[in-house]
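Next come the chains, spelled out residue by residue.
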Amino acid sequence: MPPPVLFRLGACKRGKMGGLGMSGVRTRKLLMAALLASSATALAPVDISAKAQDSTSLPRIEEAECVTDVLANVNAKCYTFFAEEDRDDPSGTVVELPVAVITPKTASEGAEPVFFFPGGPGSSRLSSEEEIQSLLADTPDNPLVVFDPRGFVHAKPALRCPDYSAFSPYFNTLSPVIISTTDTEERLRMHADAIERCYEKLFAEGVDIPKYNDYEIARDVEEIRTLLGYDRINIYGISAGSGSALQYLRYYPDNVRAMILGWPWFGAFRDRAAIDEYYTQKQMFTDVLELCVSTDPECRELLPAWYHAIDRARRTLDAKPFVKIVQDENGEEQTLYFDGVALMNRIYMYSASIYDKLPNVVARIQKGDYSALDDFFGTSDWGDLWNPAHWAKGAYLALICNDMGTNRPTKEDTRSMVEREPAVLGYEDNKMCAWWGSDGDVPPEHRFPVVSDVPTLTLHGQVDACCGTRWGHYVAETIPNTQIVEFQAQGHADESQCRHKVISAFLKEPSTEVDDSCRDEVPLRPWVLE
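Summary of the structure given here.

Analysis parameters
Residues numbered from 1 in each chain as written. Predicted model: local features only at pLDDT ≥ 70, side-chain atom pairs only at ≥ 80, totals over all residues. Heavy atoms only, no water. Core = buried A, V, L, I, M, F, W, Y, C linked by side-chain atoms within 4.5 Å. Buried < 20%, exposed > 50% of the residue type's maximum accessible area, 1.4 Å probe, protein only. Helix = DSSP H or I, 4+ residues; strand = E, 2+ residues; numbered from the N terminus. Contact = heavy atoms within 4.5 Å. Patch = residues over 30% accessible without salt bridge, like charges linked within 9 Å, V, L, I, M, F, W, Y side chains within 5 Å. Areas by Shrake-Rupley, 256 points an atom, 1.4 Å probe, with all protein chains shown as cover. Salt bridge = Lys/Arg side-chain N within 4 Å of Asp/Glu carboxyl O. Lys, Arg positive; Asp, Glu negative; His and termini not counted. Charge placed at Lys NZ, Arg CZ, Asp CG, Glu CD. Right-handed = clockwise from strand over helix to strand, strands pointing away. Pairing = 2+ DSSP bridges. Polar contact = N/O pair within 3.5 Å; in protein donor to acceptor, adjacent residues only side chain to side chain.

**A short note on the nonpolar core**
Consideration 1: Ranked by size, the top nonpolar core spans 160 residues in total, and within it Val 146 and Trp 436 carry the most contacts.
Consideration 2: For this core, the element with the highest residue contribution is helix 9 (residues 274–295), accounting for 10 residues.
Consideration 3: Beyond its immediate stretch of four places on either side in the chain, Val 146 contacts Leu 71, Pro 98, Val 99, Ala 100, Ile 102, Phe 116, Leu 126, Ile 132 and Leu 135.

Here is the structure:
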């Protein structure tokens, strides 16, 4: 096993699976200097406290019944927040957001609250007892403020596009986009049509679509903070919610005591050309094989050329896809095709659950042995569409596309990327924002790195294909008071006692080096090599 990872304040050390080289560090340092020298992007404080709230004033917050039993069962104090959908040119359309304040019995007197930004985007945490209890375990000494951002399922309006799950490779690795054909143009057309249908549905419902973005979420949270009477707050985001937290810090830096970015996936880097992000991300797949061959002699014998093993397996499947015949609900036969695109999509979306099988699977594929692929691709799940009720798919698309502002790809950009690298089809959905009907209404600086000296903690899973330690290093380049912790054998936002211990310790003393000695408490699973 390579030496343990220790990431400290201002430090950049190599990760357990080799990490990713930090190219262009000097350029980024120059960028940071330029950003520091430029005019501040912070917005003026929101002056609400002096306003008398009545039943028609905006923004306002009112006590309300909790929107879920989960919140009621933890004795949350619940509210509804009301604001203009468009603050800059009010049309009379109002958004309503559920807000809940949970004060643990263990909370320290005078402790600043933790505002939690959910990820997805579009994935509400308010109806999940497991998620709420996990957040409370993260923050036992602080009041916890949870909410559904604009567009989420418990907000009004909720941006719902339930049919989108069937086509998105992000929600469904057995999507027809991936397995009903190997024709690249047909795959792209199916996915593009699903994006356009969602946009047209929301437009027909009267939603001011460009106003659903992290800039407006930051403004919502600032008004909620002011209305609840808090001075400084801690901010905590998971996955895409980390991007929302970062944007709040950008626009309201004076109000943030400390920031936690859990498994961060944020716009300044996720919105770059998808083909570039894909190739960077893909290195993690080889890191898994390297971890296997460096710790297990049998694995080294199985994969003597591990740097090339995944690409060789992919070429094999492209030349001869794994074919599965299944029956649909009407008893009709359907043919499923698993080629190189399907392989790369499966590895990316399920890295944490399949990493121990990956070396053996790619070795077998190269030999033309497809006997492990039924299990690897989960073909028995075909027809059981994962379409979680807590996830507003329209909010998901609105946030990933609108946050790009004017940086959305064109249709020609996306077609060119897919032509050069078909596996991009199975990567993140933001490459499809060319078919989203409008740019998001965000300031130009919304895409710049956030510059701050706020104490920050970033958390990562060793086998999380999405959001590894490189994201923490990006944060640390312009937020130097950043501590980076990687949890062994963990995936994306996994539950662990070490996670709770590290977060709660950081919140107590955010400027002190956090004790992350528990980070290896979860062992790697044994490699499946037969």
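**So, a negative patch on the surface**
Consideration 1: Taken together, the side chains of Asp 183, Glu 185, Glu 412, Asp 413 and Glu 419 make up a negatively charged region of the molecular surface.
Consideration 2: Given a relative accessible area of 69%, Glu 419 falls into the exposed group.

**Some remarks on the pairing of strand 4 (residues 114–117)**
Consideration 1: Both faces of strand 4 are covered, namely the face carrying Val 114 and Phe 116 and the face carrying Phe 115 and Phe 117.
Consideration 2: Crossover connection from strand 4 via helix 3 (residues 129–138) to parallel strand 5 (residues 144–147): handedness right-handed.
Consideration 3: Pairing of strand 4 with strand 6 (residues 233–238) involves 4 bridges; the strand directions are parallel. Looking at strand 6, one finds that Val 114 is bridged to Asn 234.

**Details of the environment of Asp 464**
Consideration 1: Mapped onto the secondary structure, Asp 464 falls in the loop between strand 10 (456–461) and helix 18 (469–478).
Consideration 2: Residue classification places Asp 464 among the buried positions, given a relative accessible area of 6%.
Consideration 3: Along the sequence, Asp 464 and Thr 80 sit 384 residues apart, while their C-alpha atoms lie 35 Å from each other.
Consideration 4: A distance of 3.0 Å separates a polar atom in the side chain of Asp 464 from the backbone nitrogen of Cys 466.
Consideration 5: Polar side-chain contacts of Asp 464 include one of 3.5 Å to the backbone nitrogen of Cys 467.

**Quick look at the pattern of salt bridges**
Side chains that differ in sign of charge can pair as their charged atoms come close.
Consideration 1: Taken as a whole and judged by the stated rule, the model has 35 salt bridges.
Consideration 2: Between Arg 60 and Glu 62 there is a salt bridge, and its shortest N-O distance comes to 2.8 Å.
Consideration 3: Across the salt bridge formed by Lys 77 and Glu 63, the nearest N and O atoms sit 3.8 Å from each other. With Lys 77 in strand 2 (residues 77–84) and Glu 63 in strand 1 (residues 60–63), this pair connects stretches of sequence that are 14 residues apart.
Consideration 4: Overlapping salt bridges bring together Asp 86, Arg 87, Asp 88, Arg 150, Lys 211, Glu 216, Arg 219, Asp 220, Glu 223 and Asp 441 as one network.

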